[in-house]
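# Examination of the molecular architecture
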Amino acid sequence: MKKNRLSLTICQALNDQMTKEGHAAQIYLSYASWAASEGYDGVANFLFRHAHEERNHMMKFLEYILQRGAKAAISAIPAPPAHPKSIQDCFEKVFQHEVDNTEAIHAIVKMSFEESDWATWHFLQWFVKEQIEEETMVLNQLDKLKIAGGEKASGESLYAFDRDLRNEPDEVVLAEDKTAEKP
Ligand code: OFO
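How each quantity is defined
Residues numbered from 1 in each chain as written. Predicted model: local features only at pLDDT ≥ 70, side-chain atom pairs only at ≥ 80, totals over all residues. Heavy atoms only, no water. Helix = DSSP H or I, 4+ residues; strand = E, 2+ residues; numbered from the N terminus. Buried < 20%, exposed > 50% of the residue type's maximum accessible area, 1.4 Å probe, protein only. Contact = heavy atoms within 4.5 Å. Areas by Shrake-Rupley, 256 points an atom, 1.4 Å probe, with all protein chains shown as cover. Lys, Arg positive; Asp, Glu negative; His and termini not counted. Charge placed at Lys NZ, Arg CZ, Asp CG, Glu CD. Phe/Tyr/Trp six-rings, centres within 6.5 Å; stacked < 30°, edge-to-face > 60°. Lys NZ or Arg CZ within 6 Å of the ring centre and 35° of its normal. Core = buried A, V, L, I, M, F, W, Y, C linked by side-chain atoms within 4.5 Å. Salt bridge = Lys/Arg side-chain N within 4 Å of Asp/Glu carboxyl O.

The next point concerns the overall build of the protein. Tallying secondary structure elements over the protein gives five helices and zero strands in all. Across its three principal axes, the protein shows a C-alpha extent of roughly 65 × 45 × 20 Å. Scored against the burial criterion, the 183 residues of the protein give a buried share of 45%. Partitioning the intrachain contacts of the protein with sequence separation of at least 6 by distance along the chain shows that 83% fall at a separation of at least 24. Carbon and sulfur atoms make up 57% of the accessible area of the protein, which totals about 10,500 Å². Between the mean site of the 20 positive side-chain charges and the mean site of the 30 negative ones, the protein shows a separation of 5 Å.

A few words on the packing of aromatic side chains. Here the distance between the centres and the angle between the planes together describe a pair of aromatic rings. All chains considered together, the criterion is met by eight aromatic pairs. With 5.9 Å between their ring centres and 40° between their planes, Phe46 and Phe91 make a pair best called tilted. A residue pair is termed long-range when its members are at least 10 positions apart, and Phe46 in helix 2 (residues 41-67) and Phe91 in helix 3 (residues 87-114) qualify at 45 residues. A ring pair is formed by Trp126 and Phe127, whose centres lie 4.9 Å apart and whose planes are at 75°; its orientation type is edge-to-face. Here the aromatic residues Phe61, Tyr64, Phe123, Trp126 and Phe127 are joined through ring pairs into a cluster of three or more. In this structure, Lys60 is placed above the aromatic ring of Trp126, and the distance from its NZ or CZ to the ring centre is 4.5 Å.

Moving on to the nonpolar core. One finds Val43, Leu47, Ile87, Phe91 and Phe161 to be the most contacted residues of the largest nonpolar core, which totals 28 residues. Elements with a contribution of two residues or more to this core: helix 1 (8-37), helix 2, helix 3, helix 4 (118-148) and helix 5 (155-166). When neighbours within four sequence positions are excluded, Ile87 is seen to be in contact with Trp34, Tyr40, Val43, Leu145, Leu158 and Phe161. Counting residues in hydrophobic clusters, the runner-up holds 18 residues, among them Ile10, Cys11, Phe61 and Tyr64.

Here we come to the pattern of salt bridges. A full pass over the atoms with the stated rule returns five salt bridges. Between Asp170 and Arg49 there is a salt bridge whose closest N-O contact spans 3.0 Å. Of the two residues, Asp170 sits in the segment after helix 5 while Arg49 sits in helix 2, which places them 121 residues apart along the sequence. With relative accessibility at 22%, the residue Arg49 sits in the partly exposed group. When the shortest N-O distance is used, the salt bridge between Lys93 and Asp89 registers 2.9 Å. On the criterion of helical spacing, the pair formed by Lys93 and Asp89 is a turn pair, its members being four residues apart in helix 3.

Moving on, we get to unusual backbone geometry. Positive phi outside glycine occurs at Ser116, with the angle close to 55°. With respect to the helices and strands, the residue Ser116 is situated in the loop between helix 3 and helix 4. Using a relative accessible area of 44% as the deciding quantity, one classes Ser116 as partly exposed.

Structural data, given as structure tokens:
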């Protein structure tokens, strides 16, 4: 009896995405260590928390592959890229990374649609929403950095940015949950 409910292509794509999530965790971990060593404890705290989230994303893919009776292949995680040059550069790189990840997830959503694999399509909707949240969260930080002066931000404004980030909530309110009373 065939127990594997995933096609070969979908299984490969989900395994690749699982590794990508592990890679994202390493990137956040590496940038967080860089921020901590530069004295930006708030930025480091924010990035450490996100490294943890990415590892949770990796686990979700692993569990889903197993749940569908397929084989999960744990492979090597590529090394993270070089350290950012500044706080502005750090958030720009994080944003670009999230956009690339969104595109990777959308590609599997498309694949699952084309194969009429509705279980995988449904599973991935959680990630589609999560990516909107993550892109929004990083964009919000880039907006604040712009107000602070971007690459030319003073030490004082970076101090305030770093201090505020430490207690920044990990969730953002999405457009569909906003109302006229609570814009
Ligand atoms: Fe940064 O998000 Fe995972 O999927």
